[in-house]
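A look at the structure
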Amino acid sequence: MIITLALNGVEYYRGDRMYRLRIESHFDAAHKLVGYKGKCSRVHGHRWKVEVFVLGEKLNSIGILVDFDVLKQILEKIVEKLDHSFLNDFKEIGNPTSENISKYIFKNLKGLPNSVKLQKVRVWESPEAWCEYSEGFTG
Ligand SMILES: [Zn+2]
């Protein structure tokens, strides 16, 4: 594993032997897009699917990178707050676009075990449309 710190302070994480884990959850919430010209400016709801991807290299003594349950508990803390809410009420999100929601979830995934790095958060607004947010990773 190689971690390079770029000039902008972002960690780039590369390795040729890595594991990637993914968990998913979902929440139901309403929103309206401020400044948007079209029907999405009206209050409406979605069933948002959230995927979290982590990367790591070292397994523990029984062959586990990170316990899926640990990741799920961290994600659920955020999802519980958002579930059955009006997303425009969350000032930290800003305008509740898929872009801003994925960044909000990424930034609030705190307390991940040291064995993994957060790669990206993908938020599905519908079965056909998603947005990813990452910092320093690609792929
Ligand atoms: Zn919408």
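Residues numbered from 1 in each chain as written. Predicted model: local features only at pLDDT ≥ 70, side-chain atom pairs only at ≥ 80, totals over all residues. Heavy atoms only, no water.

**Topic: the environment of Val-54**
By the element assignment, Val-54 lies in strand 4 (residues 44-56). The buried category is assigned to Val-54, whose relative accessible area is 0%. Along the primary structure Val-54 and Gln-119 are separated by 65 residues, whereas in three dimensions their C-alpha atoms are 5.0 Å apart. Leave out the neighbours within four places in its chain, and Val-54 touches Tyr-19, Arg-20, Leu-21, Val-66, Leu-71, Leu-112, Val-116, Lys-117, Leu-118 and Gln-119. (Helix = DSSP H or I, 4+ residues; strand = E, 2+ residues; numbered from the N terminus. Buried < 20%, exposed > 50% of the residue type's maximum accessible area, 1.4 Å probe, protein only. Contact = heavy atoms within 4.5 Å.)

**Concerning unusual backbone geometry**
With a phi close to 55°, His-84 is a non-glycine residue in the positive phi region. Looking at the secondary structure, you find His-84 in the loop between helix 1 (68-82) and strand 5 (85-86). His-84 gets classed as exposed once you look at its relative accessible area, which sits at 66%.

**Description of the coordination of the zinc ion**
Within the protein, the zinc ion binds to His-31 (NE2), His-44 (NE2) and His-46 (NE2); these donor distances fall in the range 2.0 to 2.1 Å. For the zinc ion, the single-chain donor residues occur in sequence as H-x12-H-x1-H. Here His-46 falls in the buried class, since its relative accessible area comes to 18%. (Donors = N, O, S within 2.8 Å, 3.2 Å for Na, K, Ca; no water.)

**Focus: the packing of aromatic side chains**
On inspection of all chains with the given rule, the structure shows four aromatic pairs. Between Phe-27 and Trp-48 the ring centres are 6.0 Å apart and the planes differ by 15°, which places this aromatic pair in the stacked class. Of the two residues, Phe-27 is situated in strand 3 (residues 19-31) and Trp-48 in strand 4; the sequence distance between them amounts to 21 residues. Across this residue pair, the class does not change: Phe-27 and Trp-48 are buried. Consider the rings of Phe-90 and Tyr-104, whose centres lie 6.3 Å apart with planes at 65°: the pair is edge-to-face. On the criterion of sequence distance, the pair formed by Phe-90 in the loop between strand 5 and helix 2 (98-108) and Tyr-104 in helix 2 is long-range, its members being 14 residues apart. (Phe/Tyr/Trp six-rings, centres within 6.5 Å; stacked < 30°, edge-to-face > 60°.)

**As for helix 2**
Taken residue by residue, helix 2 has Ser-98, Ile-101, Ser-102, Tyr-104, Ile-105 and Phe-106 as its buried positions. Against strand 3, strand 4, helix 1, strand 6 (117-126) and strand 7 (129-133) lie the buried residues of helix 2.

**Side note on the packing of helix 1 against helix 2**
Following both chains from N to C, one finds helix 1 and helix 2 inclined at 135°, their axes separated by 9 Å at the closest point. Between helix 1 and helix 2, the angle falls in the class oblique. Considering the relative orientation of helix 1 and helix 2, their crossing is right-handed. Residue-level contacts link Leu-75, Ile-78, Lys-81 and Leu-82 of helix 1 to Tyr-104, Ile-105 and Asn-108 of helix 2. Across the contact of helix 1 with helix 2, the residue classes tally to five nonpolar, one polar and one charged. (Axes fitted to C-alpha atoms, helices over the stretch in contact; angles between N-to-C directions. Parallel < 35°, antiparallel > 145°, perpendicular 65-115°, else oblique. Left-handed = near helix turned anticlockwise from the far one by under 90°. Nonpolar A, V, L, I, M, F, W, Y, C, P; charged D, E, K, R; others polar.)

**A closer look at the nonpolar core**
Counting residues in each nonpolar core, the largest one holds 30 residues, and the members touching the most others are Phe-27 and Ile-105. Broken down by element, this core gets its largest block of residues, six residues, from helix 1. Setting aside chain neighbours within four positions, we find Phe-27 in contact with His-46, Arg-47, Trp-48, Val-50, Val-79, Leu-82, Asp-83, Leu-87, Ile-101 and Ile-105. (Core = buried A, V, L, I, M, F, W, Y, C linked by side-chain atoms within 4.5 Å.)

On their own, these measurements won't tell you what the molecule is for.
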